[in-house]
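Spelled out from the first residue to the last, the chains are:
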Amino acid sequence: MARQQRTRADYERGLPDHHDPLGGFGGAAPAYSALTLRAVLAAFGVLSCVAGVVVMAWLGLTWAVVAFVVIGVICLVDLGWVIHRKRRGEPG
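Here goes a summary of the coordinates provided. Because the structure is a prediction, the values reported are computed rather than measured.

Reading the values: the criteria
- Residues numbered from 1 in each chain as written.
- Predicted model: local features only at pLDDT ≥ 70, side-chain atom pairs only at ≥ 80, totals over all residues.
- Heavy atoms only, no water.
- Core = buried A, V, L, I, M, F, W, Y, C linked by side-chain atoms within 4.5 Å.
- Buried < 20%, exposed > 50% of the residue type's maximum accessible area, 1.4 Å probe, protein only.
- Helix = DSSP H or I, 4+ residues; strand = E, 2+ residues; numbered from the N terminus.
- Contact = heavy atoms within 4.5 Å.
- Patch = residues over 30% accessible without salt bridge, like charges linked within 9 Å, V, L, I, M, F, W, Y side chains within 5 Å.
- Areas by Shrake-Rupley, 256 points an atom, 1.4 Å probe, with all protein chains shown as cover.
- Salt bridge = Lys/Arg side-chain N within 4 Å of Asp/Glu carboxyl O.

Leu35, Ala39, Ala42, Leu79 and Val82 form the largest nonpolar core, which has five residues in total. It is helix H2 (residues 35–59) that provides the largest number of residues to this core, a total of three residues. Leave out the neighbours within four places in its chain, and valine 82 touches Leu35, Arg38 and Ala39.

Put into structure tokens, the structure is as follows:
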């Protein structure tokens, strides 16, 4: 079965039930992505991890620095993906 090509207008309207396994279950309205909230939380995660790296490096806890760097990189990748989706025109 061929997948339908989406247009820019489809993304601007939003994709109902996107990544929602229970979308429409029990008469619920379709869910739309909250990209702006996700971007804010990812940016907060990046800033928190930068602060964590600085504090843990000052305390000399190498294992904690590595953990904060790994989590910070994950948050940064998530932030980049959210920005990509917002620039594509998805609402949220």
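What follows picks up the thread again.
Attention shifts here to a nonpolar patch on the surface. Side chains of Val55, Trp58, Leu59, Leu61 and Trp63 sit close together on the surface and give an oily, nonpolar patch of about 630 Å² of accessible area. The biggest single contributor to the nonpolar patch is H2, with three residues. With respect to the helices and strands, leucine 61 occurs in the loop between H2 and helix H3 (62–88).

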